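Coordinate inspection notes
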Amino acid sequence: MPPVLRMILQRLGLGLLTLFVVSILISVAIELLPGDLAQQILGQTATPENLAAFRKEVGLDQDPVTRYFTWLGGAIQGDFGVSMASRRPIADLIANRLYNTLFLALYAAAIAVPLAVTLGLLAALYRNSLYDRAVNVFTLGSISTPEFFVAYILILWLVHGAGLFGVLSTIPTDATFGQQIEATTLPAITLTLVVTAHMMRMTRAAIINLLASPYIEMARLKGIPRYKVILRHALPNALAPIINVIAINLAYLITGVVIVEQVFTYPGLGGLMVDSVSKQDATVVQACCLIFASVYILLNLIADVLSIVTNPRLLHPK
Amino acid sequence: MIEFFENTWTNLTNIFNAMLEGGPITLGVFLGYTFTILLGMSVGAWIVKRALLLATSGRRRHNLGLIPVTAYFGMLTIATYIFVAVFADILAPYPETDTSGGSFEMWSAQHILGTDNRGGDMLSRLIYGARNTVGLAFVITFLAFIIGGVLGLLAATLGGFLDQAMSRVVDVLMSIPPLIFSLLLLTIFGTSVLNLILVIAILDSTRVYRLARAVSMNVVVMDFVEAARLRGEGLWWVISREILPNITAPLIAEFGLRFCFVFLTISALSFLGLGLQPPTADWGSMVKENADLINYADPTPLLPALAIALLTVAVNFVVDWMLHRSSGLKD
């Protein structure tokens, strides 16, 4: 088996194992809930029959291991069980919100990734110039500010100052693609600003690291034109770090989404999760947590696989 | 083009007038104040540097001169925050839980920065917030360092099964986004202050563990550690006398960065309504509680967020300088 393939399979196996362990961790965490769940949810006035019926409905009467595998089996098929607070199927609660959150994250990523990589590359190429310094100040400021600060500044400036958008990102259920874009733009800009800074800083660092290595200097000394040095010599080796940078920041988007959704009261998964935490609705939190964690792990997995695939040393084994 | 400059100029003069005469607080005026404060702090940092250089001589003067102005800015800012946090009782015009004003009053002589949603004085709550939020972040970071640092050092020094077991546990804990994980844990254990401290400290200690283990791995293999072991020194001696002194620089820098992350995490959780609860003054929850004002184009609720950002930038400046110094880079 070629080494590339073996490494990829190894990485995939490790990723799946992590996912499995994390799912166990999340489900064990729920088991740790103090007190009798059924009693807590139904209140002190519930009759024993009601309690028993509820336990059966949520599956609390089974032992933890069976319950875990039933839950995992359901979760893989998109069935996350029943909400403890509203007793509605979690899948119904999540479906639309998951779509909204993914839409927002992808929208932000579509702006942020090309922007950040280009700006980061430029900052690395023209380092210590006025542009580079300005970029540094901007990124440091942006990294240091809480997401909600950026969001509110944008609201004050673009909504109240310039009157460009509506304040709340309400989306009608039968929204067209255009309406969805319109409602999502302001949250997406906020996320872009937050993520771009990280991504730019890390891209810049990765490229500068690379440009300092001896073989680049060698290429320069041979008299190869600058653009060729970058494209032929630097870029193949820079791909892995850049891919990693992008993946880390897309994963970071997940955290950002939770807060940004809260600011704009955007109907997404993050908002649902926060609401459920304050309602102590453990099963919904569990489901959201599993989804967020899976996306996070998958993104890291994809990044690792891509950096293996793009590694020139592995592609041309001796 | 000319029109654009004219507009900008009139805008700027309007902002300047509003700042001097106390007009309505718009985003421009808010940014104007912010800019003025930043400028003042920068000039202050520069003056402090000059003054120190004038007051000292010889080698010490040379060393002080090597510290960049940004680091002075950072240290000055951090010192101000500590001062405000320590003397909050004296500095604040109203007690922390006082709600004698009307809700959402404008900036005035009685309430310099207006009042919040419950009629508390904004300035006083900002000042007490410095004590609560910064203090909490410091305690959590400290705890995370004790847990992560000790375990990381042990893993690196002892190696073997213990190291493998702890590292795999940390791998799993780190494969869930920290904010999401803390949301899950807070649901289970409830959102009390103690739980908040423990949950964030433990989640953050995984990052400290990684770093402490990685840097001490490099030291453990050195000859002088080997020599100490052959001499028959105990585990405690090897860790505290041989390894720890050689990894303090990266650990201190990490402490600064961790502090920023913890600080932002607490603020985020408070903003989501899961951190410190009113009447305790806290910057994250202050933004959330007063966010309604933003809908009336009043940027006052952003003051606590600004306070968060300023401290984080300041800490970053100091950390940058320390990292630069410890890496031995001389531009």
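The rules we used
Residues numbered from 1 in each chain as written. Chains lettered and ligands numbered in written order. Predicted model: local features only at pLDDT ≥ 70, side-chain atom pairs only at ≥ 80, totals over all residues. Heavy atoms only, no water. pLDDT = per-residue confidence, 0-100. Helix = DSSP H or I, 4+ residues; strand = E, 2+ residues; numbered from the N terminus. Contact = heavy atoms within 4.5 Å. Phe/Tyr/Trp six-rings, centres within 6.5 Å; stacked < 30°, edge-to-face > 60°. Buried < 20%, exposed > 50% of the residue type's maximum accessible area, 1.4 Å probe, protein only. Salt bridge = Lys/Arg side-chain N within 4 Å of Asp/Glu carboxyl O. Core = buried A, V, L, I, M, F, W, Y, C linked by side-chain atoms within 4.5 Å. Buried area = accessible area lost by both parts, 1.4 Å probe. Polar contact = N/O pair within 3.5 Å; in protein donor to acceptor, adjacent residues only side chain to side chain. Axes fitted to C-alpha atoms, helices over the stretch in contact; angles between N-to-C directions. Parallel < 35°, antiparallel > 145°, perpendicular 65-115°, else oblique. Left-handed = near helix turned anticlockwise from the far one by under 90°. Nonpolar A, V, L, I, M, F, W, Y, C, P; charged D, E, K, R; others polar. Expected span 1.5 Å × (residues − 1). Arc of directions from axis to C-beta.

Before going further, it helps to examine the confidence of the model for chain A. Considering every residue of chain A, the mean pLDDT works out to 81; 89% of them sit at 70 or more. Helix α2 (residues 37-42) of chain A is the least confidently modelled element of chain A, averaging 67 in pLDDT, while helix α9 (residues 214-221) of chain A averages 88, the highest of any element.

Okay, the side chain of A:Thr192 next. Structurally, the position occupied by A:Thr192 is in helix α8 (residues 177-211). If we skip the residues at most four places from it in the chain, A:Thr192 touches A:Ala108, A:Ile111, A:Ala112 and A:Leu115.

Time to look at the confidence of the model for chain B. Averaged over all residues, the pLDDT of chain B is 84; the fraction at 70 or higher stands at 96%. Across the interfaces of the predicted complex, the ipTM metric reaches 0.82, alongside a pTM of 0.85.

Bringing the packing of aromatic side chains into the picture now. Here the distance between the centres and the angle between the planes together describe a pair of aromatic rings. Residues and elements named next belong to chain B. Considering all chains together, one arrives at twelve aromatic pairs over all chains under this definition. On the basis of an interplanar angle of 50° and a centroid distance of 5.0 Å, the ring pair of phenylalanine 83 and phenylalanine 87 is categorised as tilted. Overall, the relative accessible area of 44% leaves phenylalanine 83 in the partly exposed class. Seen in terms of ring centroids, phenylalanine 138 and phenylalanine 255 are 5.8 Å apart; in terms of plane orientation they differ by 70°. Their pairing is edge-to-face. One end of the pair, phenylalanine 138, is in helix α6 (residues 122-158); the other, phenylalanine 255, is in helix α11 (residues 235-271), and 117 residues separate them in sequence. By relative accessible area, which is 44% here, phenylalanine 138 ends up partly exposed. An aromatic cluster is present here, built from Tyr81, Phe259, Phe263 and Trp283 joined pairwise through their rings.

With respect to the helices, strands and loops of the structure, B:Thr141 is situated in helix α6. Take B:Thr141: its relative accessible area is 1%, and that puts it in the buried class.

Scanning the model with the defined rule gives ten salt bridges over all chains in all. The network of salt bridges with common partners includes B:Arg168, B:Asp171 and B:Arg210.

All right, on to the nonpolar core then. Membership of the largest hydrophobic core comes to 151 residues, with the highest contact counts inside it found for A:Phe148, A:Tyr152, B:Leu183, B:Leu184 and B:Trp283. The residues contacting A:Tyr152, other than those within four sequence positions of it, are A:Val263, B:Phe271, B:Val287, B:Ala291, B:Ile294 and B:Leu302. In terms of nonpolar packing, the next biggest core, distinct from the first, is built from 14 residues, B:Leu153, B:Ala212, B:Val238 and B:Ile247 among them.

Of the residues lining the interface, 42 residues belong to chain B; the matching set on chain A comes to 46 residues. Approximately 3700 Å² of surface area, both sides summed, lies buried where chain B meets chain A, with 84% of it carried by carbon and sulfur atoms. Three residues, B:Ile180, B:Thr187 and B:Ile188, lead the burial of chain B against chain A; their summed loss comes to 17% of the area buried on that side. The tally of links from chain B across to chain A stands at zero salt bridges. For the pair chain B and chain A, the interface holds two residue pairs in polar contact (both at pLDDT 80 or more). Where the side of chain B that touches chain A is concerned, the elements lending two or more residues are α2 (27-55), α7 (160-174), α8 (178-189), α11, α12 (283-289) and α13 (302-326) of chain B. Residue contributions to the side of chain B that touches chain A peak at ten residues, all from α13(B).

Residues and elements named next belong to chain B. As a packed pair, α2 and helix α3 (residues 58-66) sit with axes 9 Å apart at the nearest point and diverge in direction by 165°. Relative to α3, the element α2 lies roughly antiparallel. The two elements α2 and α3 meet at a crossing, and its hand is left-handed. Together, Lys49, Leu52 and Leu53 of α2 and Arg61, Leu64 and Gly65 of α3 make up the contact between the two elements. In terms of residue class, the contact of α2 with α3 is made up of three nonpolar, one polar and two charged.

Residues and elements named next belong to chain A. An ideal rise of 1.5 Å per residue puts 18 Å on 13 residues; helix α4 (residues 64-76) measures up with 18 Å between its terminal C-alpha atoms. Looking at α4, one finds that the buried residues are Arg67, Tyr68, Trp71, Leu72, Gly74 and Ala75. Within α4, the buried residues cover an arc of 165° as seen down the axis, which keeps them to one side. Summarising the geometry of α4, the exposed residues directed more than 90 degrees from the buried face are Val65 and Ile76. Its buried side turned inward, α4 meets α1 (3-31) and α12 (282-309). Positive phi shows up at glycine 78, right after α4, with a value of about 90°.

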